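# Examination of the molecular architecture
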Amino acid sequence: MDSLREKFSRVYGAGGETEIFFAPGRVCFLGDHLDYNGGTVLTFALPMGVYATVRYRNDGVLRLFSERGGNNVVEHRLGQNVETAWARYPAGVYEYLLGQDRPCEGGMACAGYNVSGADVYYHSTLPIGAGLSSSAALEIVTAFALLYPIYGEQIDKSEIARLCKRVENRFVGVNCGIMDQFSVALGREGHLLILDCSDESYTFSEAGLEGWVWVAMNTNVPRALRESKYNERRAECETALNALREKNPSLRAPAHADKAMLDAAELSPNVRKRAEYVVEEQARVVECIAALKRGDVQTIGRLMNESHAGLQTLYEVTGRHLDALCSAAQKAPGAVGARMTGAGFGGCAIALVAAEAQTEFIRSVGESYLQATGMNADFYVVRPSAGVRRVDE
Ligand code: ADP
Ligand code: MG
(Lines give C-alpha, C1' and ligand atoms only; values in the text may rest on other atoms or scores of the structure.)
(Ligands and ions follow the chains in the order given, each with its own letter.)
Protein backbone atom coordinates (compact mmCIF):
# COMPACT_ATOMS: atom_id res chain seq x y z
CA MET A 1 0.00 0.00 0.00
CA ASP A 2 1.19 3.50 -0.76
CA SER A 3 2.16 5.55 2.22
CA LEU A 4 -0.10 8.39 3.29
CA ARG A 5 2.56 10.88 2.22
CA GLU A 6 2.65 9.37 -1.28
CA LYS A 7 -1.12 9.57 -1.51
CA PHE A 8 -0.99 13.15 -0.31
CA SER A 9 1.54 14.06 -3.03
CA ARG A 10 -0.60 12.53 -5.72
CA VAL A 11 -3.44 14.90 -4.85
CA TYR A 12 -1.53 18.03 -3.87
CA GLY A 13 1.85 17.64 -5.53
CA ALA A 14 5.19 16.88 -3.90
CA GLY A 15 7.38 19.17 -1.87
CA GLY A 16 7.22 20.83 1.50
CA GLU A 17 6.93 19.30 4.94
CA THR A 18 3.95 17.15 5.85
CA GLU A 19 2.74 16.01 9.27
CA ILE A 20 0.35 13.16 9.99
CA PHE A 21 -2.32 13.22 12.71
CA PHE A 22 -4.82 10.63 13.86
CA ALA A 23 -8.11 10.80 15.75
CA PRO A 24 -9.87 7.58 16.74
CA GLY A 25 -13.51 6.65 16.63
CA ARG A 26 -15.14 5.77 19.93
CA VAL A 27 -17.52 3.22 21.30
CA CYS A 28 -19.98 3.82 24.12
CA PHE A 29 -20.53 0.63 26.11
CA LEU A 30 -23.02 2.08 28.60
CA GLY A 31 -24.93 5.36 28.77
CA ASP A 32 -25.99 6.13 25.21
CA HIS A 33 -28.35 9.11 24.99
CA LEU A 34 -27.35 10.23 28.49
CA ASP A 35 -24.98 12.98 27.37
CA TYR A 36 -27.73 15.46 26.45
CA ASN A 37 -29.64 14.33 29.56
CA GLY A 38 -26.87 15.36 31.93
CA GLY A 39 -25.85 11.80 32.74
CA THR A 40 -22.60 9.86 32.86
CA VAL A 41 -21.34 7.89 29.89
CA LEU A 42 -18.81 5.07 29.65
CA THR A 43 -16.75 5.01 26.47
CA PHE A 44 -13.37 4.24 25.03
CA ALA A 45 -11.45 5.35 21.96
CA LEU A 46 -10.96 2.78 19.19
CA PRO A 47 -7.88 1.62 17.29
CA MET A 48 -9.65 2.70 14.07
CA GLY A 49 -10.03 6.34 13.15
CA VAL A 50 -9.28 9.16 10.73
CA TYR A 51 -5.77 10.11 9.56
CA ALA A 52 -5.07 13.63 8.35
CA THR A 53 -1.90 14.24 6.37
CA VAL A 54 -1.26 17.97 6.43
CA ARG A 55 0.94 20.53 4.71
CA TYR A 56 0.53 23.97 6.22
CA ARG A 57 -0.09 27.08 4.12
CA ASN A 58 0.22 30.70 5.06
CA ASP A 59 -2.39 32.20 2.74
CA GLY A 60 -5.50 31.31 4.75
CA VAL A 61 -6.69 28.76 2.18
CA LEU A 62 -7.92 25.40 3.45
CA ARG A 63 -7.89 22.59 0.89
CA LEU A 64 -9.63 19.35 1.78
CA PHE A 65 -9.57 15.91 0.20
CA SER A 66 -11.02 12.70 1.60
CA GLU A 67 -10.82 9.23 0.11
CA ARG A 68 -14.39 8.88 1.32
CA GLY A 69 -15.54 12.27 0.10
CA GLY A 70 -15.65 12.09 -3.70
CA ASN A 71 -12.79 12.72 -6.08
CA ASN A 72 -12.28 16.42 -5.79
CA VAL A 73 -10.41 18.82 -3.59
CA VAL A 74 -12.68 21.24 -1.75
CA GLU A 75 -11.16 24.68 -1.36
CA HIS A 76 -12.34 26.88 1.46
CA ARG A 77 -11.66 30.43 2.56
CA LEU A 78 -12.94 32.06 5.73
CA GLY A 79 -16.62 32.97 5.51
CA GLN A 80 -17.27 31.13 2.23
CA ASN A 81 -20.23 28.81 1.82
CA VAL A 82 -19.40 25.12 1.95
CA GLU A 83 -21.41 23.18 -0.58
CA THR A 84 -19.84 19.74 -0.20
CA ALA A 85 -21.64 18.09 2.72
CA TRP A 86 -18.71 16.22 4.30
CA ALA A 87 -16.44 19.27 4.04
CA ARG A 88 -18.73 21.20 6.36
CA TYR A 89 -17.15 19.34 9.31
CA PRO A 90 -13.51 20.36 8.72
CA ALA A 91 -14.38 23.75 7.21
CA GLY A 92 -16.55 24.46 10.25
CA VAL A 93 -13.66 23.59 12.54
CA TYR A 94 -11.43 26.04 10.65
CA GLU A 95 -14.09 28.76 10.86
CA TYR A 96 -14.65 28.28 14.58
CA LEU A 97 -10.95 28.06 15.39
CA LEU A 98 -10.65 31.46 13.79
CA GLY A 99 -13.41 32.70 16.07
CA GLN A 100 -16.22 32.91 13.53
CA ASP A 101 -18.76 31.55 16.01
CA ARG A 102 -18.05 34.45 18.34
CA PRO A 103 -18.44 37.56 16.22
CA CYS A 104 -17.69 40.83 17.92
CA GLU A 105 -19.51 44.05 17.16
CA GLY A 106 -19.45 44.80 13.47
CA GLY A 107 -19.56 41.10 12.63
CA MET A 108 -15.78 40.70 12.71
CA ALA A 109 -14.34 37.53 14.15
CA CYS A 110 -12.72 37.92 17.55
CA ALA A 111 -10.80 35.88 20.06
CA GLY A 112 -9.88 33.23 17.53
CA TYR A 113 -6.75 31.11 17.27
CA ASN A 114 -4.19 32.33 14.83
CA VAL A 115 -4.44 29.30 12.53
CA SER A 116 -3.60 29.60 8.88
CA GLY A 117 -4.58 27.40 5.96
CA ALA A 118 -3.50 23.90 5.07
CA ASP A 119 -3.76 21.18 2.46
CA VAL A 120 -5.31 18.15 4.13
CA TYR A 121 -5.64 14.54 2.93
CA TYR A 122 -8.03 12.36 4.99
CA HIS A 123 -7.78 8.58 5.14
CA SER A 124 -10.21 6.70 7.36
CA THR A 125 -10.24 3.20 8.82
CA LEU A 126 -13.66 3.71 10.45
CA PRO A 127 -17.06 2.82 9.09
CA ILE A 128 -18.84 6.10 8.37
CA GLY A 129 -22.26 6.89 9.81
CA ALA A 130 -22.25 3.67 11.86
CA GLY A 131 -22.34 5.08 15.38
CA LEU A 132 -18.58 4.89 15.98
CA SER A 133 -18.21 8.66 15.68
CA SER A 134 -16.46 9.17 12.39
CA SER A 135 -17.84 12.73 12.43
CA ALA A 136 -16.16 13.63 15.73
CA ALA A 137 -12.93 11.94 14.57
CA LEU A 138 -12.97 14.08 11.43
CA GLU A 139 -13.56 17.26 13.44
CA ILE A 140 -11.07 16.55 16.20
CA VAL A 141 -8.23 15.47 13.90
CA THR A 142 -8.73 18.69 11.93
CA ALA A 143 -8.72 20.91 15.01
CA PHE A 144 -5.65 19.17 16.43
CA ALA A 145 -3.77 19.37 13.13
CA LEU A 146 -4.52 23.06 12.62
CA LEU A 147 -3.52 23.99 16.18
CA TYR A 148 -0.41 21.82 16.28
CA PRO A 149 2.00 24.38 14.80
CA ILE A 150 0.97 26.83 17.53
CA TYR A 151 0.59 24.65 20.62
CA GLY A 152 2.25 21.33 19.84
CA GLU A 153 1.59 18.77 22.55
CA GLN A 154 0.12 21.48 24.82
CA ILE A 155 -3.19 21.59 22.92
CA ASP A 156 -6.11 21.68 25.36
CA LYS A 157 -8.07 18.62 24.28
CA SER A 158 -11.17 19.41 26.32
CA GLU A 159 -11.34 22.79 24.70
CA ILE A 160 -11.11 21.45 21.16
CA ALA A 161 -13.78 18.88 22.07
CA ARG A 162 -16.13 21.69 23.10
CA LEU A 163 -15.30 23.69 20.00
CA CYS A 164 -15.90 20.71 17.71
CA LYS A 165 -19.23 20.02 19.39
CA ARG A 166 -20.28 23.60 18.63
CA VAL A 167 -19.22 23.05 15.02
CA GLU A 168 -21.34 19.91 14.72
CA ASN A 169 -24.31 21.55 16.45
CA ARG A 170 -24.30 24.92 14.74
CA PHE A 171 -22.19 24.79 11.60
CA VAL A 172 -23.11 21.29 10.41
CA GLY A 173 -26.51 21.31 12.11
CA VAL A 174 -26.43 17.98 13.99
CA ASN A 175 -27.65 18.35 17.54
CA CYS A 176 -25.23 15.87 19.19
CA GLY A 177 -24.14 15.91 22.85
CA ILE A 178 -20.56 16.17 24.12
CA MET A 179 -19.81 12.44 24.46
CA ASP A 180 -18.33 11.85 21.01
CA GLN A 181 -15.90 14.73 20.86
CA PHE A 182 -14.64 14.17 24.42
CA SER A 183 -14.11 10.44 23.89
CA VAL A 184 -12.23 10.97 20.63
CA ALA A 185 -10.07 13.78 21.99
CA LEU A 186 -9.24 12.38 25.43
CA GLY A 187 -9.09 8.60 24.91
CA ARG A 188 -6.27 6.89 26.76
CA GLU A 189 -4.60 3.62 25.77
CA GLY A 190 -5.84 0.73 27.93
CA HIS A 191 -8.37 2.92 29.74
CA LEU A 192 -12.11 3.48 29.82
CA LEU A 193 -13.45 7.03 30.02
CA ILE A 194 -16.03 7.93 32.65
CA LEU A 195 -17.49 11.26 31.57
CA ASP A 196 -20.06 13.18 33.61
CA CYS A 197 -21.83 15.19 30.94
CA SER A 198 -23.54 17.50 33.44
CA ASP A 199 -20.26 19.28 34.24
CA GLU A 200 -17.85 17.66 31.74
CA SER A 201 -15.70 16.25 34.53
CA TYR A 202 -14.08 12.92 33.78
CA THR A 203 -11.92 10.14 35.12
CA PHE A 204 -10.36 7.05 33.61
CA SER A 205 -10.74 3.49 34.73
CA GLU A 206 -8.05 0.98 33.84
CA ALA A 207 -9.57 -1.31 31.26
CA GLY A 208 -8.40 -4.42 33.13
CA LEU A 209 -10.79 -7.18 32.13
CA GLU A 210 -7.94 -9.62 31.51
CA GLY A 211 -9.09 -12.50 29.32
CA TRP A 212 -12.01 -10.56 27.80
CA VAL A 213 -12.29 -8.67 24.55
CA TRP A 214 -14.62 -6.01 23.20
CA VAL A 215 -16.21 -6.83 19.86
CA ALA A 216 -17.83 -4.02 17.87
CA MET A 217 -20.46 -5.32 15.46
CA ASN A 218 -21.85 -3.43 12.49
CA THR A 219 -25.42 -4.16 11.33
CA ASN A 220 -24.49 -2.52 8.01
CA VAL A 221 -27.92 -0.94 8.03
CA PRO A 222 -28.05 2.68 6.96
CA ARG A 223 -29.69 4.72 9.65
CA ALA A 224 -32.83 5.93 7.94
CA LEU A 225 -34.78 7.56 10.75
CA ARG A 226 -31.83 8.44 12.90
CA GLU A 227 -31.77 12.21 12.82
CA SER A 228 -35.48 12.86 13.07
CA LYS A 229 -35.92 10.33 15.88
CA TYR A 230 -32.84 11.65 17.67
CA ASN A 231 -34.30 15.15 17.69
CA GLU A 232 -37.65 13.74 18.78
CA ARG A 233 -36.00 12.01 21.77
CA ARG A 234 -34.23 15.20 22.75
CA ALA A 235 -37.51 17.08 22.66
CA GLU A 236 -39.26 14.40 24.71
CA CYS A 237 -36.54 14.55 27.35
CA GLU A 238 -36.83 18.31 27.49
CA THR A 239 -40.56 17.92 28.01
CA ALA A 240 -39.84 15.44 30.81
CA LEU A 241 -37.43 17.84 32.48
CA ASN A 242 -39.91 20.71 32.37
CA ALA A 243 -42.65 18.53 33.88
CA LEU A 244 -40.30 17.18 36.57
CA ARG A 245 -39.24 20.69 37.52
CA GLU A 246 -42.77 21.62 38.51
CA LYS A 247 -42.28 19.65 41.71
CA ASN A 248 -38.46 19.68 41.75
CA PRO A 249 -37.48 23.18 40.68
CA SER A 250 -33.78 22.63 41.31
CA LEU A 251 -33.53 19.49 39.17
CA ARG A 252 -30.74 20.12 36.70
CA ALA A 253 -31.14 17.29 34.23
CA PRO A 254 -33.31 14.23 33.54
CA ALA A 255 -30.46 11.90 34.52
CA HIS A 256 -30.52 13.37 38.05
CA ALA A 257 -34.16 12.41 38.60
CA ASP A 258 -35.31 9.22 40.33
CA LYS A 259 -38.26 6.86 40.01
CA ALA A 260 -40.25 8.61 42.76
CA MET A 261 -39.98 11.90 40.89
CA LEU A 262 -41.21 10.22 37.71
CA ASP A 263 -44.17 8.73 39.59
CA ALA A 264 -45.07 12.11 41.04
CA ALA A 265 -44.91 13.96 37.73
CA GLU A 266 -47.49 14.21 35.02
CA LEU A 267 -45.86 12.64 32.01
CA SER A 268 -47.45 11.33 28.83
CA PRO A 269 -46.82 7.58 28.33
CA ASN A 270 -44.05 8.10 25.77
CA VAL A 271 -42.29 10.83 27.72
CA ARG A 272 -42.50 8.65 30.82
CA LYS A 273 -40.80 5.78 28.98
CA ARG A 274 -37.96 7.99 27.75
CA ALA A 275 -37.40 9.41 31.24
CA GLU A 276 -37.52 5.94 32.74
CA TYR A 277 -34.77 4.74 30.42
CA VAL A 278 -32.65 7.77 31.35
CA VAL A 279 -33.07 7.25 35.10
CA GLU A 280 -32.44 3.51 34.87
CA GLU A 281 -29.47 3.86 32.55
CA GLN A 282 -27.86 6.40 34.86
CA ALA A 283 -28.28 3.93 37.75
CA ARG A 284 -26.72 1.20 35.59
CA VAL A 285 -23.75 3.44 34.81
CA VAL A 286 -23.16 4.04 38.53
CA GLU A 287 -23.38 0.29 39.17
CA CYS A 288 -21.04 -0.41 36.27
CA ILE A 289 -18.37 1.98 37.56
CA ALA A 290 -18.27 -0.04 40.80
CA ALA A 291 -18.22 -3.31 38.83
CA LEU A 292 -15.30 -2.04 36.74
CA LYS A 293 -13.31 -1.35 39.91
CA ARG A 294 -13.89 -4.94 41.07
CA GLY A 295 -13.26 -6.37 37.60
CA ASP A 296 -16.72 -7.92 37.84
CA VAL A 297 -17.26 -8.89 34.22
CA GLN A 298 -20.55 -10.71 34.76
CA THR A 299 -22.18 -7.60 36.24
CA ILE A 300 -20.87 -5.41 33.42
CA GLY A 301 -22.33 -7.84 30.88
CA ARG A 302 -25.70 -7.99 32.63
CA LEU A 303 -25.87 -4.19 32.71
CA MET A 304 -25.13 -4.05 28.97
CA ASN A 305 -27.96 -6.50 28.27
CA GLU A 306 -30.36 -4.52 30.45
CA SER A 307 -29.27 -1.34 28.74
CA HIS A 308 -30.12 -2.78 25.34
CA ALA A 309 -33.54 -3.84 26.61
CA GLY A 310 -34.15 -0.29 27.85
CA LEU A 311 -33.07 1.21 24.53
CA GLN A 312 -35.36 -1.26 22.76
CA THR A 313 -38.56 -1.03 24.82
CA LEU A 314 -38.39 2.32 26.63
CA TYR A 315 -36.24 4.63 24.55
CA GLU A 316 -37.25 2.84 21.33
CA VAL A 317 -34.17 3.57 19.24
CA THR A 318 -32.98 0.10 18.25
CA GLY A 319 -34.90 -1.37 15.29
CA ARG A 320 -35.05 -4.93 14.09
CA HIS A 321 -31.47 -5.25 12.82
CA LEU A 322 -29.84 -4.05 16.03
CA ASP A 323 -32.23 -6.22 18.03
CA ALA A 324 -31.42 -9.30 15.94
CA LEU A 325 -27.69 -8.65 16.21
CA CYS A 326 -27.72 -8.09 19.98
CA SER A 327 -30.05 -10.95 20.68
CA ALA A 328 -27.71 -13.27 18.74
CA ALA A 329 -24.67 -11.81 20.50
CA GLN A 330 -26.18 -12.18 23.96
CA LYS A 331 -26.70 -15.91 23.36
CA ALA A 332 -23.46 -16.63 21.51
CA PRO A 333 -20.54 -18.64 22.92
CA GLY A 334 -18.32 -16.65 25.27
CA ALA A 335 -20.56 -13.56 25.46
CA VAL A 336 -21.29 -11.85 28.78
CA GLY A 337 -23.24 -8.93 27.35
CA ALA A 338 -24.16 -6.97 24.23
CA ARG A 339 -25.98 -3.77 23.41
CA MET A 340 -26.45 -1.28 20.62
CA THR A 341 -24.07 1.68 20.65
CA GLY A 342 -24.38 5.21 19.29
CA ALA A 343 -27.65 6.90 18.44
CA GLY A 344 -29.35 3.69 17.25
CA PHE A 345 -31.60 2.93 14.25
CA GLY A 346 -28.92 0.87 12.57
CA GLY A 347 -25.20 1.29 12.97
CA CYS A 348 -23.17 -0.66 15.50
CA ALA A 349 -23.42 -2.71 18.67
CA ILE A 350 -20.79 -3.71 21.21
CA ALA A 351 -20.26 -7.01 23.00
CA LEU A 352 -17.99 -8.16 25.80
CA VAL A 353 -16.68 -11.64 25.03
CA ALA A 354 -14.29 -14.22 26.49
CA ALA A 355 -11.04 -13.83 24.56
CA GLU A 356 -10.67 -17.53 23.85
CA ALA A 357 -14.20 -17.68 22.38
CA GLN A 358 -13.94 -14.68 20.05
CA THR A 359 -13.64 -16.60 16.78
CA GLU A 360 -16.54 -18.87 17.61
CA PHE A 361 -18.54 -15.87 18.85
CA ILE A 362 -18.08 -13.99 15.58
CA ARG A 363 -18.94 -17.04 13.47
CA SER A 364 -22.06 -17.78 15.48
CA VAL A 365 -23.37 -14.20 15.61
CA GLY A 366 -22.64 -13.66 11.92
CA GLU A 367 -24.60 -16.76 11.02
CA SER A 368 -27.61 -15.95 13.24
CA TYR A 369 -27.71 -12.37 11.99
CA LEU A 370 -27.62 -13.50 8.37
CA GLN A 371 -30.42 -15.95 9.05
CA ALA A 372 -32.58 -13.37 10.81
CA THR A 373 -32.06 -10.46 8.42
CA GLY A 374 -30.48 -11.71 5.19
CA MET A 375 -27.57 -9.34 5.82
CA ASN A 376 -23.92 -9.75 6.70
CA ALA A 377 -22.60 -8.09 9.83
CA ASP A 378 -19.02 -6.84 10.20
CA PHE A 379 -16.99 -7.50 13.34
CA TYR A 380 -14.06 -5.62 14.83
CA VAL A 381 -12.21 -6.88 17.89
CA VAL A 382 -11.18 -3.62 19.53
CA ARG A 383 -9.19 -2.49 22.53
CA PRO A 384 -9.30 0.84 24.37
CA SER A 385 -6.86 3.10 22.55
CA ALA A 386 -5.35 6.57 22.72
CA GLY A 387 -7.15 9.75 21.69
CA VAL A 388 -6.13 12.32 19.08
CA ARG A 389 -2.38 12.55 18.44
CA ARG A 390 0.40 13.19 15.97
CA VAL A 391 1.71 9.99 14.44
CA ASP A 392 4.84 8.94 12.60
CA GLU A 393 3.93 6.80 9.70
P1 ADP B 1 -20.89 8.71 12.83
O2 ADP B 1 -20.28 9.87 13.49
O3 ADP B 1 -21.58 7.79 13.78
O4 ADP B 1 -19.95 7.94 11.95
P5 ADP B 1 -22.43 10.79 11.56
O6 ADP B 1 -23.66 10.76 10.74
O7 ADP B 1 -22.43 11.59 12.80
O8 ADP B 1 -22.05 9.25 11.88
O9 ADP B 1 -21.23 11.30 10.68
C10 ADP B 1 -21.01 10.78 9.39
C11 ADP B 1 -20.62 11.91 8.45
O12 ADP B 1 -19.31 12.39 8.79
C13 ADP B 1 -20.52 11.46 7.02
O14 ADP B 1 -21.77 11.53 6.39
C15 ADP B 1 -19.52 12.45 6.43
O16 ADP B 1 -20.16 13.66 6.12
C17 ADP B 1 -18.61 12.72 7.61
N18 ADP B 1 -17.38 11.90 7.58
C19 ADP B 1 -16.91 11.11 8.55
N20 ADP B 1 -15.72 10.55 8.22
C21 ADP B 1 -15.42 11.02 6.99
C22 ADP B 1 -14.32 10.84 6.08
N23 ADP B 1 -13.28 10.04 6.36
N24 ADP B 1 -14.38 11.50 4.90
C25 ADP B 1 -15.40 12.31 4.59
N26 ADP B 1 -16.45 12.50 5.41
C27 ADP B 1 -16.49 11.89 6.58
MG1 MG C 1 -21.29 11.42 14.51
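Analysis parameters
- Residues numbered from 1 in each chain as written.
- Chains lettered and ligands numbered in written order.
- Predicted model: local features only at pLDDT ≥ 70, side-chain atom pairs only at ≥ 80, totals over all residues.
- Heavy atoms only, no water.
- Near = heavy atom within 4 Å.
- Polar contact = N/O pair within 3.5 Å; in protein donor to acceptor, adjacent residues only side chain to side chain.
- Areas by Shrake-Rupley, 256 points an atom, 1.4 Å probe, with all protein chains shown as cover.
- 1 Å grid on protein atoms, 1.4 Å probe; cavity = no way out; pocket = protein on both sides within 12 Å on 5 of 7 lines; lining within 4 Å.
- Sits in = over half its atoms within 2 Å of the grid points.
- Helix = DSSP H or I, 4+ residues; strand = E, 2+ residues; numbered from the N terminus.
- Nonpolar A, V, L, I, M, F, W, Y, C, P; charged D, E, K, R; others polar.
- Buried < 20%, exposed > 50% of the residue type's maximum accessible area, 1.4 Å probe, protein only.
- Contact = heavy atoms within 4.5 Å.
- Pairing = 2+ DSSP bridges.
- Axes fitted to C-alpha atoms, helices over the stretch in contact; angles between N-to-C directions.
- Phe/Tyr/Trp six-rings, centres within 6.5 Å; stacked < 30°, edge-to-face > 60°.
- Points joined across faces, edges and corners; volume = space filled by probe spheres on them.
- Domains from an automatic or database assignment.
- Buried area = accessible area lost by both parts, 1.4 Å probe.
- Core = buried A, V, L, I, M, F, W, Y, C linked by side-chain atoms within 4.5 Å.
- Salt bridge = Lys/Arg side-chain N within 4 Å of Asp/Glu carboxyl O.
- Parallel < 35°, antiparallel > 145°, perpendicular 65-115°, else oblique.
- Left-handed = near helix turned anticlockwise from the far one by under 90°.

## Things to note about the site of ligand 1
- Residues in contact with ligand 1 amount to 17 residues; listed here are only the nearest, Ser66, Gly129, Ser134, Arg223 and Arg226.
- Here Ser66 contributes a side-chain N or O atom positioned 2.6 Å from a nitrogen atom of ligand 1.
- Notes on ligand 1: free accessible area 570 Å², of which the protein chains cover 87%.
- Structurally, ligand 1 is housed in the largest pocket.
- Looking at the shell around ligand 1 element by element, the count peaks at 3 residues for helix H3 (residues 134-151).
- When the residues that make up the shell around ligand 1 are grouped by side-chain class, the tally is 6 nonpolar, 7 polar and 4 charged.

## Looking at the environment of Arg5
- Here Arg5 shows up in helix H1 (residues 4-12).
- Residue Arg5 is classed as partly exposed on the basis of its relative accessible area of 32%.
- The spacing of Arg5 and Thr18 is 13 residues in sequence and 7.4 Å in space, taken between C-alpha atoms.
- Beyond its immediate sequence surroundings of up to four residues, Arg5 is in contact with Thr18, Glu19, Ile20 and Glu393.

## Points about the sheet that holds strand E9 (residues 335-340)
- Taken together, the 4 strands give an open sheet; going across it, the order is E9-E10-E8-E11, and neighbouring strands pair in antiparallel fashion. Unpaired on one side and paired on the other, E9 and strand E11 (378-382) mark the two borders of the sheet. The mean inter-strand angle of the sheet, taken between neighbouring strand axes irrespective of direction, is 20 degrees.
- Packed on one face of the sheet, helix H9 (residues 297-313) meets strand E8 (212-218), E9 and strand E10 (348-354) and runs near 30 degrees to E9.
- Of the strands in this sheet, E8, E9 and E10 touch helix H10 (residues 320-331), which is tilted by about 170 degrees from E9.

## Here's the deal with the packing of aromatic side chains
- By the definition in use, this model includes 16 aromatic pairs.
- Judged by centre distance (5.9 Å) and plane angle (70 degrees), the ring pair of Phe21 and Phe144 falls under edge-to-face. Here Phe21, found in strand E1 (residues 19-30), pairs with Phe144, found in helix H3; they are 123 residues apart in sequence, far enough to count as distant. Accessibility classification places Phe21 together with Phe144 in one group, the buried group.

## Re the layout of surface pockets
- There is about 710 Å³ of room inside the largest pocket.
- Elements that contribute at least two residues to the lining of the largest pocket include exactly strand E5 (118-124), H3, helix H5 (179-186) and helix H6 (226-247).
- Of the residues belonging to the lining of the largest pocket, the class tally is 14 nonpolar, 12 polar and 9 charged.
- Each of two domains, domain 1 (2-32 + 45-199 + 385-390) and domain 2 (212-382), supplies a minimum of three residues to the lining of the largest pocket.

## A word on unusual backbone geometry
- Positive phi outside glycine occurs at Asn220, with the angle close to 60 degrees.
- Examined against the element boundaries, Asn220 turns out to sit in the loop between E8 and H6.
- On the basis of relative accessibility, which here comes to 30%, the residue Asn220 falls in the partly exposed class.
- A positive phi angle is found at Glu316, which is not glycine, with a value near 55 degrees.

## What to know about the domain arrangement of the chain
- In terms of domains, the chain is made up of domain 1 (2-32 + 45-199 + 385-390) and domain 2 (212-382).
- Spacing between the C-alpha centres of domain 1 and domain 2 amounts to 28 Å.
- Listed as interface residues are 22 residues of domain 1 and, on the opposing side, 29 residues of domain 2.
- Between domain 1 and domain 2, a total of about 2,000 Å² is buried, with carbon and sulfur atoms accounting for 66% of that surface.

## Re the nonpolar core
- With 121 residues, the main nonpolar core has Phe29, Tyr122, Ile140, Trp214, Met217, Phe361 and Val365 as its most contacted residues.
- If one sorts the elements of this core by residue count, H3 sits on top with 11 residues.
- Of the residues that make up this core, three or more belong to each of domain 1 (2-32 + 45-199 + 385-390) and domain 2 (212-382).

## Comments concerning the pattern of salt bridges
- According to the stated counting rule, one finds 27 salt bridges in the structure shown.
- For the salt bridge of Asp32 with Arg339, the shortest nitrogen-to-oxygen distance reads 3.0 Å. With Asp32 in the loop between E1 and strand E2 (40-56) and Arg339 in strand E9, the pair connects residues that are 307 residues apart, well separated along the chain. For the pair Asp32 and Arg339, one class covers both residues: buried.
- In this structure, Arg274 engages Glu316 in a salt bridge whose closest nitrogen and oxygen atoms are separated by 2.8 Å. Highlighted residues: Arg274 in helix H8 (residues 269-294) and Glu316 in the loop between H9 and H10, separated in sequence by 42 residues.

## Points about the packing of H3 against H5
- Across the interface, H3 lies against H5 with an axial gap of 9 Å and an inter-helix angle of 55 degrees. It follows that H3 is oblique to H5 by the angle criterion. When the axes of H3 and H5 are compared, the crossing they make is right-handed. Every residue of H5 that contacts H3 at Ala136, Ala137, Glu139 and Ile140 is listed here: Asp180, Gln181, Val184 and Ala185.
- In terms of residue class, the contact of H3 with H5 is built from 5 nonpolar, 1 polar and 2 charged.

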